[in-house]
Every structure is written in C-alpha cells, then in structure tokens.
Amino acid sequence: MANLGKRVDIDNLLSLGDDLLGVLKNKKDVDGLMQSLEGAKLLHFSCSSDSNNTGKWIEDCQNKIQACEEKLDRSKDETSYDSELDHLQHELDKKLQEEHMLQQELRAVRDELIHLEHQRVSIEDRRVMIKKTEKDLIRARNFLSMCASVTNIIPDFEDRTRISGVVIDRNKKKVEKFEFERTESPLNVCNKLWKMD
C-alpha cells in the first residue's frame, strides 16, 4: 500500500511536470512570467527605496523626539529653577520684612532711650536745683541766725514791698514787729549797718 501511494504521487508528479513543460513551451507564458519577474524586481527596488526613506524618516523623527525630550527636561529644570527662585525671593522678602520690623522696633527703643535720657537729665537738673535750694536755705537760715544773734533783728523777706521784720530781745523774752518804707532791701540795710559785703 505504501508503494501504491508513492506511485500515485509519481503519476501526479509526472503529470504536473508535463503541464509545466507545456506552459514553458508556450512563448506567451514565458513573456508574461518575465514581465512578472521584472515587475517583482521593480517592486522590490521600490520597496527597498521606500524602506530606506522610511528608515531615514524614522531616524529623523527619533532625533526630533530626543531633541523635544531634552527641551522638555531643560524646561522642567528651568521650571524647577523658577520655582526655586520664587521660593528664594519669598524668603528674601520675608527676611526683609523681618529686618524692617526690627528696625522699627530699634527706632522705638532708641526713641524710648532718648526720652528716658531726657527724663534722667531733667531729674538730675532738678536734683542739682534742689541741692542748690537747700544750700541757699541753709545759707539764709545761717544769715538769719547771724542777724538775730548780732543785731537781734530778723528781717521779713516774704513781703518785698516794705522793709519789715521782728526785733528780738532775749533778755526780756520779748518780740516786737517793725515796718519801714521800702528804700533798700533788708539785706542791704543789714549789710550797710554792719558793713558786710
């Protein structure tokens, strides 16, 4: 049986070979086949050329895509730099505002110190005036005591329109008031009386 299958195949093969010889013997078929072969070669050349052009176009596109990606990365970096710059500018503005507030506080403290210094000077001036007044009072008291002990007269300095005062007699323990028209101050009268310049 296996032999029979080979025989059928050989018979079919012989029949196919005869048909092929018949086709090849026909000149028309050879010319058509040659034209088909020439068309296939032209098609192959055209496809090869298109493939080369397409390859170049793809390479150009890939280069353009890579350039765009690089630009995009640079843009992201610049955006990052811009964002960092904005952040730094915000920090700078914040620091400047804090410095301005500190300067205002320093001015207020300086003004307060100046005010306190004026008060200190004023208090010091008052203290000096009080000491001077106390010295003047002590001097006046000593002068009155001297006048009373030497002349037995205590002048009245409060009423400046008249010459007045009191005469003290220690032995009799008596006090008498006196008054004169104003011609000179009581101090000058005492000084002239006792020649105390």
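Quantities reported herein were computed from a predicted structural model and do not represent experimental measurements.

Notes on the overall build of the chain
Okay, step 1: Each helix and strand counted, the chain has 3 helices and 3 strands in total.
Okay, step 2: Ordered by position in the sequence, the α and β elements of the chain form the string α-α-β-β-β-α.
Okay, step 3: Per-residue burial over the chain gives 7% buried out of 197 residues.
Okay, step 4: A sequence separation of at least 24 residues applies to 22% of the contacts in the chain between residues at least 6 apart.

A closer look at a nonpolar patch on the surface
Okay, step 1: A contiguous nonpolar patch, built from Val 109, Leu 113 and Leu 116 and spanning about 270 Å² of accessible area, is present on the exposed surface.
Okay, step 2: Secondary-structure assignment places Val 109 in helix H2 (residues 27–151).

Focus on the pattern of salt bridges
Okay, step 1: Going through the model one piece at a time under the given rule, you end up with 4 salt bridges.
Okay, step 2: With a closest N to O distance of 3.3 Å, Arg 127 and Glu 124 form a salt bridge. Linking Arg 127 with Glu 124, this pair stays in helix H2, spanning 3 residues, or about one helical turn.
Okay, step 3: Judged by its relative accessible area of 43%, Arg 127 is partly exposed.

So, a negative patch on the surface
Okay, step 1: On the surface, Glu 69, Glu 70, Asp 73 and Asp 77 cluster together into a negatively charged patch.
Okay, step 2: Considering the arrangement of structural elements, one finds Glu 69 in helix H2.

A few points about the confidence of the model for the chain
Okay, step 1: Here the chain shows a mean pLDDT of 78. Residues at 70 or above account for 82%.
Okay, step 2: Within the chain, no element has a lower average pLDDT than helix H1 (residues 2–25), which sits at 66, and none a higher one than H2, at 82.

About the thresholds
Residues numbered from 1 in each chain as written. Predicted model: local features only at pLDDT ≥ 70, side-chain atom pairs only at ≥ 80, totals over all residues. Heavy atoms only, no water. Helix = DSSP H or I, 4+ residues; strand = E, 2+ residues; numbered from the N terminus. Buried < 20%, exposed > 50% of the residue type's maximum accessible area, 1.4 Å probe, protein only. Contact = heavy atoms within 4.5 Å. Patch = residues over 30% accessible without salt bridge, like charges linked within 9 Å, V, L, I, M, F, W, Y side chains within 5 Å. Areas by Shrake-Rupley, 256 points an atom, 1.4 Å probe, with all protein chains shown as cover. Salt bridge = Lys/Arg side-chain N within 4 Å of Asp/Glu carboxyl O. Lys, Arg positive; Asp, Glu negative; His and termini not counted. Charge placed at Lys NZ, Arg CZ, Asp CG, Glu CD. pLDDT = per-residue confidence, 0-100.

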